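Each chain is listed here by its residues.
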Amino acid sequence: MSSLDELRALLGEPAHRQSTPDDWTEVERYVGFALPSDFKAFLNAYGTGVISGELVVFHPRGTSPLLERMRKTDEALLSAEPGPSAAATPSTSRIPSAPDPVGSPRGDTTTAGDEHFFLPCDPDPNRWKIVTMAHEEGCRTFDGPLSSFALSFVRRLLDVDRYHGLEPEALEFLEPEDLEKLATSGEIGPVQPSFEPA
């Protein structure tokens, strides 16, 4: 089973969507590359939305169109002053290692504000890596397609302890029944795989 099939099994079947190859023409013209087929297949099936309440993805024809988001991100990167992450090594930093940092397509973001970019490190877009620019932590590289990245992300959220999401100091003030209510309601603890269209 492919990572895309595994991801679909966890997230559930998407609502019926109308997608055409033309949806990607303008985006691919802007970046100057064909985009990874796995990325397009996932977004064509699911559209713009949020994976497991955390990972936001954008389709070209979504409520927040991908090309518009990419242009804003590129403008922000061009106008940003170099920060502490600018000294990162080429293997972990998007900007020094990407052959076209302005045109590198933005894949998605998290609700925490982390940004995820494709790293066009191979002539075959299906072999590109994904770089995460984490808030105040620098960059990390993921070696695999979007579906594997999202699958890893979903599994990590599913494999957390029962009190995940709760400040350690709060534990001493909450009664066991209050903790149980928070866990049962899904406010703390493992996050069930889901896709929420936007």
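Conventions we followed
- Residues numbered from 1 in each chain as written.
- Predicted model: local features only at pLDDT ≥ 70, side-chain atom pairs only at ≥ 80, totals over all residues.
- Heavy atoms only, no water.
- Helix = DSSP H or I, 4+ residues; strand = E, 2+ residues; numbered from the N terminus.
- Contact = heavy atoms within 4.5 Å.
- Axes fitted to C-alpha atoms, helices over the stretch in contact; angles between N-to-C directions.
- Parallel < 35°, antiparallel > 145°, perpendicular 65-115°, else oblique.
- Left-handed = near helix turned anticlockwise from the far one by under 90°.
- Nonpolar A, V, L, I, M, F, W, Y, C, P; charged D, E, K, R; others polar.
- Buried < 20%, exposed > 50% of the residue type's maximum accessible area, 1.4 Å probe, protein only.
- Arc of directions from axis to C-beta.
- Pairing = 2+ DSSP bridges.
- Core = buried A, V, L, I, M, F, W, Y, C linked by side-chain atoms within 4.5 Å.
- Phe/Tyr/Trp six-rings, centres within 6.5 Å; stacked < 30°, edge-to-face > 60°.

> Now, about the overall build of the protein: what can you tell me, with residues and values included?
Looking only at helices and strands, one finds 8 helices and 7 strands in the protein. Counting contacts in the protein only where the partners sit at least 6 residues apart, residues at least 24 apart contribute 58% of the total.

> Describe the packing of helix H1 (residues 3-11) against helix H3 (residues 37-46), and please don't skip the residues or the numbers.
For any two helices packed against each other, the geometry is given by the interaxial angle and the distance between the axes. The interhelical angle for the contact between H1 and H3, taken along N-to-C directions, is 25 degrees, at an axis separation of 11 Å. In this view, H1 runs roughly parallel relative to H3, as classed from their interaxial angle. H3 is crossed by H1, and the crossing has right-handed handedness. Residues Leu4, Leu7, Arg8 and Leu11 of H1 pack against Asp38, Ala41, Phe42, Ala45 and Tyr46 of H3. Grouping the amino acids of the contact of H1 with H3 by side-chain chemistry returns 7 nonpolar, no polar and 2 charged.

> How would you explain helix H8 (residues 176-184) if you had to name every residue and give the values?
The set of residues buried in H8 consists of Leu179, Leu182 and Ala183. Each buried residue of H8 lies within a common arc of 100 degrees when the element is viewed along its axis, so the set occupies one face. Turned more than 90 degrees away from the buried face of H8 sit Lys181 and Thr184, all of them exposed. Packing partners of the buried residues in H8 comprise helix H7 (168-171).

> Could you give me a rundown of the pairing of strand S5 (residues 129-134), with the residues and numbers involved?
Here strand S4 (residues 115-119) runs beside S5; their pairing, made up of 5 bridges, is antiparallel. When the bridges of S5 are listed, His116 appears paired with Thr132. Relative to strand S6 (residues 138-142), S5 runs antiparallel, the two sharing 5 bridges. Bridging across to S6, Ala134 finds its partner in Gly138.

> Explain the nonpolar core residue by residue, including any values.
Of all hydrophobic cores here, the largest spans 32 residues; its most connected members are Leu11, Phe39, Phe42 and Ile51. Going through the elements one at a time, H1, helix H2 (25-31), H3, strand S1 (49-51), strand S2 (55-57), helix H4 (66-79) and helix H6 (146-158) are the ones with two or more residues in this core. With 7 residues, the single largest contributor to this core is H6.

> So, the packing of aromatic side chains: which residues are in play, and what are the values?
A full pass over the atoms with the stated rule returns 8 aromatic pairs. Relative to Phe39, the ring of Trp24 has its centre 5.6 Å away and its plane inclined at 65 degrees; by these criteria the two rings are edge-to-face. Residue Trp24 is found in the loop between H1 and H2, and its partner Phe39 is found in helix H3; the two are separated by 15 residues along the sequence. Both residues of the pair, Trp24 and Phe39, belong to the buried class. With centroids separated by 4.9 Å and ring planes inclined at 85 degrees, the aromatic side chains of Phe39 and Phe118 adopt a geometry described as edge-to-face. Taken together, the residues Phe39 in helix H3 and Phe118 in strand S4 connect sequence positions 79 residues apart. Each member of the pair, Phe39 as well as Phe118, carries the same accessibility label: buried. Among the aromatic residues, those joined into a cluster by ring pairs are Trp24, Phe33, Phe39, Phe118 and Trp128.

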